[in-house]
Amino acid sequence: MEPSRGGSRKRPARSSRAPAKIQSLDHDILCIIFSFLDFFDLARCSVVCKTWSGIINKSKLLEALYYKKWQMGLVGAESRSGGCPEKSLNGYLEEMALQHHRVALEQGRVHVDHWRAHSVGVDQCRKKMGLLLTGIGDKVMRLWSLESYKCVGEYPIPDKVPLVDFDFDESKIVGLVGSRICIWRRNGIRSIFPSREGTFPKGLCMRYCDPDAVVGCVDGTARIFDMYSQRCSQIVKMHAGPVTCLCLSEDQLILSGSSLGSISVYGVLSDQRVAELRSTHSTGIRTLCFNPSSHLLFAGSTSGYVDCWDIRTWRSLWETRVSPNVVYSMQHLRNDTSSLVVGGIDGVLRILNQNTGEVVSRFVLEGNLLSSSSSSSHQHVVGSGTVQRMIGRRLSQNASIDSIPRSSRPPITCLAVWMKKVITTHNNKYIRTWKFN
């Protein structure tokens, strides 16, 4: 169930105990109540708290409803040939969640939560595990809870050194800082690679997959560092021009885009170039996004095009010009093979069909204020504390972008996708969370 701020179906934060008013209801009464729910609402209730999750799962309510649908031939056809029932149930729950996510992005109403996160412009964000990491503009990265919008951690940048790129996981934050890689442990301890090993020509982008961090450099090389020995293990010539963006695959492929318009694919295990791709418009590649579930690679260009290739065949599948200007960022929900969220310099949030390139929805900020709330923790960190809720506007197919005020569509410099949510940064002090219902 999605969190809501001010809506009628507000979900309590997940905890080890049920809400106070529900604690007076015993196990049997809750089982009776839950038995009246349909499959989707029951699945939503199972993630409210550990108490509810235990009652629903131990009483086999989800499993019983799944087998009822299975007997009717509505779900789980693959399990009839000997598949694992538990895997079939989990697969169906994920499929159902992704379907609701897709429908919400394409057809749902949207509210936008807008809050001040930094003292100066912030233009990068990364999301994992219900947390959001932001930074670049000022001298600190901040880690936020996407449930409460409270800052749960701060990570200062070394003096006089610009932060270029970053990412994080359960235990650490890895950042490209000037011409070095820095690692912040989530407990606050920071380490910097030694100068003789950690310096390189100007880095423009960075991605990591333990134990390797890969830096794309202005001289066209990708430099691979072992984060634990803190040594550069390989220097790969990827392009004749600067490496502007990177993504990594689970089978150790490095995919890089260039300001000259080419995409180069290098196999770390084979130690050779696997492929070189180029779109028909031949403008600079600004961002890459790889979907391991479908093996599709998406590229956004400086001239507003989005291109798609199947990396199993290296065949171009489609090319769509979504904007007259630069596409800065593209993301999709993990395991989602249907919706691609795209943002760029014109400030319009677009939803694309991953398989065809069709633009199925476009959004800007309506600007009407619905409500505002304050968080003392938020106020302590950023000096404002006010979270404003506004209305998002779905654009018609024929709507003219140029007629929409720039205040309703500041450039989208980076975005991250969550279940029925999109988080955007705009090179200003504020972050927006777009909630689709």
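Residues numbered from 1 in each chain as written. Predicted model: local features only at pLDDT ≥ 70, side-chain atom pairs only at ≥ 80, totals over all residues. Heavy atoms only, no water.

Undergrad: Tell me about the packing of helix α1 (residues 27-35) against helix α3 (residues 50-58), residues and numbers included.
TA: To describe two helices that pack against each other, one gives the angle between their axes and the distance between the axes. Closest axis-to-axis distance for the α1/α3 pair is 10 Å, and the angle between their directions is 70°. One finds that α1 runs roughly perpendicular with respect to α3. For the pair formed by α1 and α3, the contact residues are H27, L30, C31 and F34 on the first element and W52, I55 and I56 on the second. In terms of residue class, the contact of α1 with α3 is built from six nonpolar, one polar and no charged. (Axes fitted to C-alpha atoms, helices over the stretch in contact; angles between N-to-C directions. Helix = DSSP H or I, 4+ residues; strand = E, 2+ residues; numbered from the N terminus. Parallel < 35°, antiparallel > 145°, perpendicular 65-115°, else oblique. Contact = heavy atoms within 4.5 Å. Nonpolar A, V, L, I, M, F, W, Y, C, P; charged D, E, K, R; others polar.)

Undergrad: Describe in detail the sheet that holds strand β10 (residues 203-209), supporting the description with residues and values.
TA: Pairing is antiparallel in the open sheet, where four strands are placed in the order β10-β11-β12-β13. Bordering the open sheet on either side are β10 and β13 (231-237), each of which pairs with just one other strand. Direction aside, the axes of adjacent strands within the sheet are offset by 20° on average. In this structure, strand β12 (residues 221-226) lies alongside β13, joined through six bridges in antiparallel fashion. Pairing of R223 across the sheet is with I235, part of β13. (Pairing = 2+ DSSP bridges.)

Undergrad: Could you give an account of the pairing of strand β16 (residues 262-267), naming the residues involved and the relevant values?
TA: Among the six residues that make up β16, six are buried, leaving the element largely enclosed by the rest of the structure. Side chains of β16 alternate between two faces, with S262, S264 and Y266 and I263, V265 and G267 buried alike. Pairing geometry for strand β15 (residues 253-258) and β16, over five bridges, is antiparallel. Considered in β16, the bridge of L255 is made with V265. Connecting the antiparallel pair β15 and β16 is a turn made up of three residues, with G261 showing a positive phi of about 100°. Judged from the six bridges that link them, β16 and strand β17 (residues 272-278) form a sheet pairing that is antiparallel. Of the residues in β17, the one forming a bridge with Y266 is R273. (Buried < 20%, exposed > 50% of the residue type's maximum accessible area, 1.4 Å probe, protein only.)

Undergrad: Can you lay out the nonpolar core for me, pointing to particular residues and giving the numbers?
TA: Of all hydrophobic cores here, the largest spans 18 residues; its most connected members are V341, L349, F363, L415, V422, W434 and F436. Contributing elements (two or more residues each) for this core: α5 (85-107), β1 (110-116), β24 (349-353), β25 (359-374), β27 (414-418) and β29 (430-436). Discounting chain neighbours no more than four positions away, the residues touching W434 are V110, H111, V112, L349, F363, V364, L365, K420, K421, V422 and T424. Grouped together as the second largest cluster of nonpolar side chains are 16 residues, C31, L42, C45 and Y66 included. (Core = buried A, V, L, I, M, F, W, Y, C linked by side-chain atoms within 4.5 Å.)

Undergrad: Report on unusual backbone geometry, specifying residues and quantitative values.
TA: D210 connects to P211 through a cis peptide bond whose omega is 5°. Mapping P211 onto the fold places it in the loop between β10 and β11 (212-217). Of note, Y149 is a non-glycine position whose phi angle comes to about 65°, a positive value. If you trace the backbone, Y149 turns up in the loop between β4 (140-145) and β5 (151-156).

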